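# Tertiary structure, described
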Amino acid sequence: MLFAFAAIAFLVQSVAVSGASPQNYPDRRLTFVVPYPAGGAADAIGRLLATRLSEAWKQPVVVENKSGGGGIVGNDYVAKAPGDGYTVLVGISQLVQAPNVGMKLPYDVFRDLRPVTQAALIAAVFAVPIQRPDQTMGEFVKAAKVSPWTFSYGSYGTATTSHLYGELLKKKAGIEMTHVPYRGAAPLTNDLLGGQISAAFVEVATAAPQIGGGKIRALAISGETRSPLLPAIPTLGEIGFAGFEAQGWIGIFLPATTPKEIVDKLDDELSRIIKSPETSEQIKHIGLVPVGDGAAAFTAVLQQDFERWGNIARESGVKVE
């Protein structure tokens, strides 16, 4: 009898801890956790999807920016959150990049998080302050070779796309620059505008308005094709720098303990929202490529990109001790 009561108590406690009720989900407020400061592409996507999801489900959806550690603080917060579907991660490709550079992480992206859907793809521009004289990548590389180690490049965190690409460019171009990590794209862009750093790989969504306003100058862009927002900017591959074809992404995750029924429900709704004409156009307008292909496709992308960024990490020499 005591064993039976203990078993029942354990089951009740388990349900209470998880808070997961697929039949009633959602019946209260959801929180979208963005592991970077406000102002970047992940924040913009998070707020857009939060608004659309709130409209569709008639429940409040709030966005919390939990920045720190190049995204690790926010990622870990969601990985350890109850698996009830109410704490959602708006993550980026740093999730599969960081393990490849030897970072000691308090979570495992494949063990502790469940992919929901890939929201968008994002390219990065290599940009310099407008006050710099460089008009082309060739001119920048030439100047950096003349004055090694006097140049600096910023990134939005250790082991993020901008860091890996910065180190890869140093290898490919044969130049020396000092890496300056920031806590996100917005503070990085502020220092780029002020000329505190010589250059940076900045996501298109953040950089495009500054480029259009004549405040920073884009010299090249990552990815396989040019950005429709910046059609005059050549890809790095076009100008002789191979290896920059991989693109970053923004994706939606839940804690791994979340029941499949809840994952599927959020996946179906967010994928529908992302692919809707109105939201799709809004995503394109901020310089991203909408995806919304669902959990199964996103899981395959995670595996593929883990290997792809591993190759880039090895070639660039990025290693975090």
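Heads up: the structure comes first, above all this text.
On a predicted model such as this, the values are computed, not experimentally measured, just so you know.

Rules and cut-offs
- Residues numbered from 1 in each chain as written.
- Predicted model: local features only at pLDDT ≥ 70, side-chain atom pairs only at ≥ 80, totals over all residues.
- Heavy atoms only, no water.
- 1 Å grid on protein atoms, 1.4 Å probe; cavity = no way out; pocket = protein on both sides within 12 Å on 5 of 7 lines; lining within 4 Å.
- Points joined across faces, edges and corners; volume = space filled by probe spheres on them.
- Helix = DSSP H or I, 4+ residues; strand = E, 2+ residues; numbered from the N terminus.
- Nonpolar A, V, L, I, M, F, W, Y, C, P; charged D, E, K, R; others polar.
- Phe/Tyr/Trp six-rings, centres within 6.5 Å; stacked < 30°, edge-to-face > 60°.
- Buried < 20%, exposed > 50% of the residue type's maximum accessible area, 1.4 Å probe, protein only.
- Lys NZ or Arg CZ within 6 Å of the ring centre and 35° of its normal.
- Pairing = 2+ DSSP bridges.
- Axes fitted to C-alpha atoms, helices over the stretch in contact; angles between N-to-C directions.
- Contact = heavy atoms within 4.5 Å.

Of the pockets and cavities examined, the largest pocket occupies roughly 290 Å³. Only strand 4 (113-122) and strand 11 (289-290) provide two or more residues apiece to the lining of the largest pocket. Of the residues belonging to the lining of the largest pocket, the class tally is 10 nonpolar, 6 polar and 4 charged. The calculated volume of the second largest pocket comes to roughly 160 Å³. When contributions to the lining of the second largest pocket are tallied by element, the ones reaching two or more residues are strand 4 and helix 12 (295-316). At 4 residues, helix 12 tops the list of elements feeding residues into the lining of the second largest pocket. By residue class, the composition of the lining of the second largest pocket is 4 nonpolar, 3 polar and 4 charged.

This part takes up the packing of aromatic side chains. What the rule picks out here adds up to 13 aromatic pairs. Geometrically, the ring pair formed by Phe201 and Phe244 is stacked, given 6.1 Å between the ring centres and 20° between the ring planes. In this pair, Phe201 sits in strand 8 (residues 199-203) while Phe244 sits in the loop between strand 9 (216-221) and strand 10 (248-255), placing the two residues 43 residues apart along the sequence. No difference in accessibility class separates Phe201 from Phe244, as the two residues are buried. Here Trp249 and Phe298 contribute two aromatic rings whose centre-to-centre distance is 5.2 Å and whose plane-to-plane angle is 90°, an arrangement assigned as edge-to-face. Taken together, the residues span a long stretch of sequence, with Trp249 in strand 10 and Phe298 in helix 12 at a distance of 49 residues. A relative accessible area of 1% places Phe298 in the buried class. The structure contains a cluster of three or more aromatic residues connected by ring pairs, namely Phe126, Phe140, Phe151, Tyr165, Phe201, Phe244 and Trp309. Over the face of the ring belonging to Tyr86 we find Arg28, whose NZ or CZ atom lies 3.8 Å from the ring centre.

The strands making up a sheet are joined through hydrogen bonds of the backbone, oriented either antiparallel or parallel. Reading across the sheet, the 5 strands line up as 7-6-8-5-9 and stay open at both edges, with mixed pairing between neighbours. Taken across any chain shown, the strands that pair with only one partner, and hence form the sheet edges, are strand 7 (177-181) and strand 9. Each adjacent strand pair in this sheet contributes to an overall mean axis angle of 30°, direction not counted. With 5 bridges joining them, strand 6 (residues 151-155) and strand 7 adopt parallel strand pairing. When the bridges of strand 7 are listed, Tyr153 appears paired with His179. Strand contacts of helix 7 (residues 161-173): strand 5 (124-129), strand 6, strand 7 and strand 8, with the helix running at about 150° to strand 6, the strand carrying the most contacts. Strands strand 5, strand 8 and strand 9 of the sheet are contacted by helix 9 (residues 204-212), whose axis makes an angle of about 115° with strand 8.

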